[in-house]
Amino acid sequence: MRAVALAAALSGAASAGLAYDWAIPDWLPPPPVPGDIVMSDALVDLGRHLFYDQRLSVDGSMSCASCHEQARAFTDGRAVSVGVTGQAGGFNAPSLANVGYLPTLTWANPMVDSLEFHALIPLFGEDPVEMGNAGQEQALFARLIEDAHYQDAFASAFPDRPQADLFTITRALGAFQRTLISVGSPYDAFVYGGDRTAMSDAALRGMDLFFDHRLECYHCHLGLNFTNNLVTSRSAMPETGFHNTGLGASVGMEEFTLDPRDRGRVRTPSLRNVAVTAPYMHDGRFQTLEQVIRHYAAGGEAARLGTPDPLRDPLIIGFQISDAEIADLTAFLQSLTDEDFLADPAFANPWPEGHLANGGIAVLPENDPS
C-alpha cells in the first residue's frame, strides 16, 4: 500500500511541473514538482532573487549563493561551510547541479526529501547556525517585503498569497533550484548528442575504466546524474543510496536513524561537474580527484591505515591502478564539466551591484528627513 501511495504522489508531483518550459533535451525527463506548486517564470525569478539575497540572513552577510557559487557548480570551495556566527558546519556544501532530481537533500539525513523542507535548515537551523533566522522569522519577512521589487515579485508569483512567508519563500527557492539542470558536458555531447569528437582519447580510456568491474565506480555513480539517488517526473519510485566508503570516524546516517549499522553511511553525490567542486567527500578532506581515486584504490582510509572499517560497503574493496590510469580516469571525470551551466546568465545573480541584496548600504531619498 505504501508503494502505491508513493507512486501516486510522485505522479501528482510530476504533472505539477510538466506544463513549464524546462528548456532541456528531449531525452531528459523534467524533475518532479510538488503538487502544491505551479512552476512559472515569475516563481522561478522570485526564487532566483531570493537565492542571491543576503537579506535572507539575520545580519545581511550571507545569501544561499554564499555557500553555493555558480562557477563552482553551486558549491563553495571550503571543506565545510561556515555560518553567520563563524560556526563551521559538519558537512561540505554539496553541488546544486541537478538537485531537483535528488530524492534526499542532505549528506546524511534521509528524511529531508524536498527542496522546500530543506530550505528551512540553512534559514532557521541552530546546530549549526547558518543564516541565523531562528526566532527572527517575522523580521525576515518584513525585511523582504518592504523592498518594492519583492512587493511586485511575490504578487506575480503568488497572486492569491502576495506575501513573504515560509510557504512562499521556500517554494520560490525550490522552484529556482529545480531549474539548475546541467546536461551540457562533453560526456553528454558524446553519449546523448552523438558527437564522436566531444571527448578526448584519455577521457574515453577513463570512461572504460569508470564502467569496468575492476574499479566498480559505476555501481554507485550511475545513470543520468552519476549517483544512485534519483527521482524524475517519470519515476515510479525514488532511488536512494547511502554508503560507508571507509572514511572512518563519521557518524553519518546513524545520527538520524539511530541504527549502529548506519554509522559512516552518507549519500552518494553526483559526479557531474566534479572537477570544479573540490574539496571532496562529505567532510571535504581531499583536495584533488587523484586523492579520491587513491582513497578508493586503497579500499578506504581506514583500510589504508591497516584497520578496515567493518561497516565499510562491500563494494569498497580496493583495486590496483597505475598513474597513467589515474590520469585517464581524471580526464573522464573532467569531461563531466558543463561549462555553459557554470556561466549561464539565467542562473546568475540578478541584483545590481551595490544593492542591499548584495550587502550594499541603503540610500535614502534626498529629501528624507530621517
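What you see as residue numbers is a count from 1 along each chain, following the sequence as written. Note on the predicted model: pLDDT of at least 70 is required for a residue's local features to be given, and 80 or more for side-chain atom pairs to be given and counted; whole-chain, interface and lining totals, by contrast, use all residues. The basis for every side-chain value is the complete set of heavy atoms in the structure, and neither hydrogens nor water enter the calculation.

Draft legend 1. Examining the overall build of the chain more closely. A helix here means a DSSP run of H or I that spans at least four residues, while a strand means a run of E at least two residues long, and both kinds are numbered starting from the N terminus. Along the backbone of the chain there are 13 helices and 2 strands. A compact globule built from 370 residues would reach a C-alpha radius of gyration of about 21 Å, and the chain, at 21 Å, matches this within 12%. For the chain, the spread of C-alpha atoms along the principal axes amounts to about 75 × 50 × 45 Å. Buried, partly exposed and exposed residues are distinguished by accessible area as a fraction of the type maximum, computed with a 1.4 Å probe on protein chains only: under 20%, between the cut-offs, and over 50%, respectively. Counting all 370 residues of the chain, 50% fall into the buried class. Just so you have it, the chain exposes about 17000 Å², and 55% of that area is on carbon and sulfur atoms. Radius of gyration: over C-alpha atoms. The globule rule applied is 2.2 Å multiplied by the number of residues raised to the 0.38 power. Surface accessibility follows the Shrake-Rupley procedure with a 1.4 Å probe radius. Residue values consider only the protein chains on display as shielding.

Draft legend 2. Molecular detail of the packing of helix 8 (residues 201-210) against helix 12 (residues 323-334). Axis definition: a line fitted to C-alpha atoms, over the contacting stretch in the case of helices. Angles run 0 to 180 degrees between N-to-C directions. Close contact between helix 8 and helix 12 brings their axes to 7 Å; oriented N to C, the two are set at 100°. Judged by the angle between their axes, helix 8 and helix 12 are roughly perpendicular. Residues Ala202, Ala203, Arg205, Gly206, Met207, Leu209 and Phe210 of helix 8 form the contact with helix 12, whose participating residues are Glu325, Asp328, Leu329, Ala331, Phe332 and Leu333. Should an angle fall under 35 degrees it is called roughly parallel, over 145 degrees roughly antiparallel, and 65 to 115 degrees roughly perpendicular, with every other angle called oblique. Working rule for contacts: check all heavy atoms of both residues, and any pair within 4.5 Å makes them a contact.

Draft legend 3. Quick look at the side chain of His221. Here His221 shows up in the loop between helix 8 and strand 1 (242-244). In this structure His221 comes out as buried when scored by relative accessible area, which is 13%. Two N or O atoms count as a polar contact when they lie within 3.5 Å, although within protein this holds only if one can serve as hydrogen donor and the other as acceptor, and sequence-adjacent residues are included solely when both atoms are side-chain atoms. A polar side-chain atom of His221 sits 3.1 Å from the main-chain carbonyl oxygen of Pro269. Excluding residues that lie within four positions of it along the chain, His221 makes contacts with Phe210, Phe226, Thr227, Thr268, Pro269 and Leu271.

Draft legend 4. Fine view of the pattern of salt bridges. The term salt bridge refers to a side-chain nitrogen of Lys or Arg lying within 4 Å of a carboxyl oxygen of Asp or Glu. Considering all chains together, one arrives at 16 salt bridges under this definition. With a closest N to O distance of 2.8 Å, Arg178 and Glu116 form a salt bridge. Here Glu116 lies in helix 3 (residues 115-124) and Arg178 lies in helix 6 (residues 166-178), a separation of 62 residues in the sequence. Look at Arg178 and you get buried, because its relative accessible area is 4%. The shortest N-O distance in the salt bridge between Arg285 and Asp283 comes to 2.7 Å. Given the relative accessible area of 22%, Asp283 is considered partly exposed. Salt bridges here are not isolated pairs; linked through shared partners, they connect Asp53, Arg55 and Asp147.

Draft legend 5. Seen up close, the nonpolar core. Definition used in this section: a nonpolar core is a set of buried Ala, Val, Leu, Ile, Met, Phe, Trp, Tyr and Cys residues joined via side-chain atoms within 4.5 Å. By size, the foremost hydrophobic cluster in this structure holds 54 residues, and its most contacted members are Leu46, Leu50, Phe51 and Ile169. Secondary structure elements with two or more residues in this core: helix 2 (41-51), helix 3, helix 4 (137-145), helix 5 (148-157), helix 6 and helix 13 (339-343). Beyond its immediate sequence surroundings of up to four residues, Ile169 is in contact with Leu50, Leu123, Phe141, Leu144, Phe154 and Ala164. Judged by nonpolar contacts, the second largest core, of 29 residues, contains Tyr187, Ile293, Ile321 and Ala331.

Draft legend 6. Representation of the side chain of Asn228. With respect to the helices and strands, the residue Asn228 is situated in the loop between helix 8 and strand 1. Among the polar contacts listed, one links the side chain of Asn228 to the side chain of Asn229, at a separation of 3.4 Å. Apart from the residues lying within four places of it in its own chain, the contact partners of Asn228 are His219, Cys220, Leu222, Glu239, Thr240, Gly241, His243 and Thr268.

Draft legend 7. Spotlight on unusual backbone geometry. Of note, the bond from Asp127 into Pro128 is cis; its omega dihedral lies within 30 degrees of zero at 5°. If you trace the backbone, Pro128 turns up in the loop between helix 3 and helix 4. A positive phi angle is found at Met281, which is not glycine, with a value near 80°. Inspection of the secondary structure assignment puts Met281 in the loop between strand 2 (265-267) and helix 10 (289-297).

Draft legend 8. How the structure looks around the environment of Leu311. Mapped onto the fold, Leu311 is located in the loop between helix 11 (301-304) and helix 12. Apart from the residues within four sequence positions on either side, Leu311 is in contact with Asn244, Pro260, Arg261 and Arg263.

Draft legend 9. Here's a closer look at the environment of Leu43. Within the secondary structure, Leu43 sits in helix 2. When the C-alpha positions of Leu43 and Leu173 are compared, they lie 8.6 Å apart, and in sequence the two are 130 residues distant. Every residue in contact with Leu43, bar those within four places of it in the chain, is listed here: Ile37, Val38, Ala157, Phe158, Arg171, Ala172 and Ala175.

Draft legend 10. The packing of helix 3 against helix 6, seen in detail. Across the interface, helix 3 lies against helix 6 with an axial gap of 8 Å and an inter-helix angle of 110°. Accordingly, the angle class assigned to the pair helix 3 and helix 6 is roughly perpendicular. Judged by the twist between their axes, the crossing of helix 3 over helix 6 is right-handed. Of the residues in helix 6, those in contact with Leu115, Glu116, Ala119, Leu120, Leu123 and Phe124 of helix 3 are Leu166, Ile169, Thr170, Arg171, Leu173, Gly174, Gln177 and Arg178. Its residues placed into classes, the contact of helix 3 with helix 6 shows 8 nonpolar, 3 polar and 3 charged. Should the near helix be turned counterclockwise from the far one by less than a right angle, the crossing is left-handed, whereas a clockwise turn marks it as right-handed. Note on residue categories: nonpolar means Ala, Val, Leu, Ile, Met, Phe, Trp, Tyr, Cys or Pro, charged means Asp, Glu, Lys or Arg, and polar means any other residue, Gly included.

Draft legend 11. The packing of aromatic side chains, seen in detail. Stacked, tilted and edge-to-face are the three classes applied to pairs of Phe, Tyr and Trp rings, where Trp contributes its six-membered ring and a pair requires centres within 6.5 Å; stacked means planes under 30 degrees apart, edge-to-face means over 60, and tilted covers the rest. Scanning the model with the defined rule gives 18 aromatic pairs in all. Geometrically, the ring pair formed by Tyr150 and Trp351 is edge-to-face, given 5.6 Å between the ring centres and 70° between the ring planes. Placement of Tyr150 in helix 5 and of Trp351 in the segment after helix 13 is noted, with a sequence separation of 201 residues between them. A residue is classified by how much of its surface remains accessible, and Tyr150, at 0% relative accessible area, is buried. Take Trp351: its relative accessible area is 7%, and that puts it in the buried class. Arranged with centres 5.0 Å apart and planes meeting at 75°, the rings of Phe210 and Phe211 form a pair that is edge-to-face. Under the relative-accessibility criterion, Phe211 is labelled partly exposed at 36%. Between the NZ or CZ atom of Arg55 and the centre of the ring of Trp351, over which it lies, the distance is 5.5 Å. Whether a charge sits over a ring comes down to the Lys NZ or Arg CZ being within 6 Å of the ring centre and within 35 degrees of the ring normal. Geometry around Phe190 places Arg196 over its ring, the cationic atom sitting 3.9 Å from the centre.

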